[in-house]
Amino acid sequence: MMNAVKSRSYIPVLLHLLLWMLFAFLLLFYLPLSWSITVPYQFWIKQGFLLFVLVIVFYVNSYILVPQLLLKNRNLVFVLVILTLAFLAGPAVHAVDEALQLPSLMDQAFRKMGSPRPPHRGDKDKIDIYIVMLTLLMAGISTSVTLIQKWQADKQERETLEKEKIGSELSFLKAQINPHFFFNTLNNIYALTHVDVEKSRSALHKLSRMMRYLLYDTQSGSTPLSREAA
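These notes cover the structure that comes with them. As the structure is a computational prediction, the values presented were derived from the model and not from experiment.

Our next topic: helix 3 (residues 75-100). The end-to-end C-alpha distance of helix 3 is 38 Å, a good match for the 38 Å that 26 residues give at a rise of 1.5 Å each. Trailing helix 3 by a residue or two, Gln101 shows a phi angle of about 55°, which is positive.

Structure, rendered in structure tokens:
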């Protein structure tokens, strides 16, 4: 049982890992691989840094910004923080570009293969719209996933509370009804002992079976139909 619980706890982690791998391949690595040139290793370092920034935005938004701002109706602050993160991501990536001297290395790689370099998305003095939109996309996905998980958790909690409420009401009703039922039955059996001793014995036996059923067999929450009929 414990092994099954542990194995299920790994499923969300593996799912997140697989989705990030797919996302990284489609948006960050597929297009450069289609250029048919040998790109310098610094390029992959830069792409890895961009992926790291997107991962940070996703989980910071999911675990901090949405619970602390959006779910507490601080919508304007939430939007401003998301926009700030999106516009700071571009300069951070360009700083890595410059530190790795990547623009000149990429120009050399394209000239070496005799291929025209694809248009460069932004430079260090301008806003990189591609990175801004990519960051906003990641924040949007993170917000949607977090809100769906919150809605599912709230729904499950409401269902649990409703079941507990119904169970408490049934227990209260049973506590109110059973004493009256048993006292009335005992009085009837007592009166029956003056009329028919055999029937009174049979009634006592049935009453004891019913008491055992109510006290012990109904505590598990579910009872087979065969026991109910008996």
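Structure's up, so let's keep going.
A few words now on the packing of aromatic side chains. Here a ring pair, both rings aromatic, is described through the centre-centre distance and the interplanar angle of the planes. Here the structure, examined in full by the defined rule, presents five aromatic pairs. For the ring pair Phe58 and Tyr59, a centre distance of 4.9 Å and an interplane angle of 75° mean the geometry is edge-to-face. For Phe58, a relative accessible area of 8% translates into the label buried. Residue Tyr59 is classed as partly exposed on the basis of its relative accessible area, which comes to 23%. Aromatic side chains Tyr59 and Tyr63 sit 6.2 Å apart centroid to centroid with 20° between the ring planes, which places their arrangement in the stacked category. Of this pair, Tyr59 and Tyr63 both sit in helix 2 (residues 41-68), four residues apart, which is roughly one turn of that helix. By the ring-pair criterion, three or more aromatic residues cluster together here, those being Trp20, Phe58, Tyr59 and Tyr63.

A few words now on the side chain of Gln42. Inspection of the secondary structure assignment puts Gln42 in helix 2. Among the residues examined, Gln42 registers a relative accessible area of 13% and is labelled buried. Reaching out from Gln42, the side chain makes a polar contact with the side chain of Tyr41 at a distance of 3.4 Å. Those residues within four positions of Gln42 in sequence are excluded, and the remaining contacts are Leu100, Leu102 and Leu105.

A positive phi angle, near 65°, is found at Asn73, a position not held by glycine. Tracing the sequence through the fold places Asn73 in the loop between helix 2 and helix 3. The exposure class assigned to Asn73 is exposed, which follows from its relative accessible area of 67%.

Counted under the stated rule, the structure contains two salt bridges. One salt bridge in this structure joins Asp154 and Lys150, with 2.7 Å as the shortest N-O distance. Of the two residues, Asp154 and Lys150 both sit in helix 5 (residues 129-193), four residues apart, roughly one turn of that helix.

Grouped together as the largest cluster of nonpolar side chains are 22 residues, with contacts concentrated most on Phe23, Leu50 and Phe78. When contributions to this core are tallied by element, the ones reaching two or more residues are helix 1 (2-33), helix 2, helix 3 and helix 5. The biggest single contributor to this core is helix 2, with eight residues. Once residues within four sequence positions are removed from consideration, Phe78 is found in contact with Asn61, Leu65, Val66, Leu69, Leu70 and Thr143.

On to helix 2, then. Since the α-helix advances by 3.6 residues per turn, residues separated by three or four positions end up pointing in the same direction. Taking 1.5 Å per residue, 28 residues should reach 40 Å; helix 2 reaches 39 Å between its end C-alpha atoms and fits that length. Where helix 2 bends most, at Asn61, the angle is about 45°.

Calculation rules
- Residues numbered from 1 in each chain as written.
- Predicted model: local features only at pLDDT ≥ 70, side-chain atom pairs only at ≥ 80, totals over all residues.
- Heavy atoms only, no water.
- Helix = DSSP H or I, 4+ residues; strand = E, 2+ residues; numbered from the N terminus.
- Expected span 1.5 Å × (residues − 1).
- Phe/Tyr/Trp six-rings, centres within 6.5 Å; stacked < 30°, edge-to-face > 60°.
- Buried < 20%, exposed > 50% of the residue type's maximum accessible area, 1.4 Å probe, protein only.
- Polar contact = N/O pair within 3.5 Å; in protein donor to acceptor, adjacent residues only side chain to side chain.
- Contact = heavy atoms within 4.5 Å.
- Salt bridge = Lys/Arg side-chain N within 4 Å of Asp/Glu carboxyl O.
- Core = buried A, V, L, I, M, F, W, Y, C linked by side-chain atoms within 4.5 Å.
- Bend = angle between axes of the 7 residues up to and from the residue.

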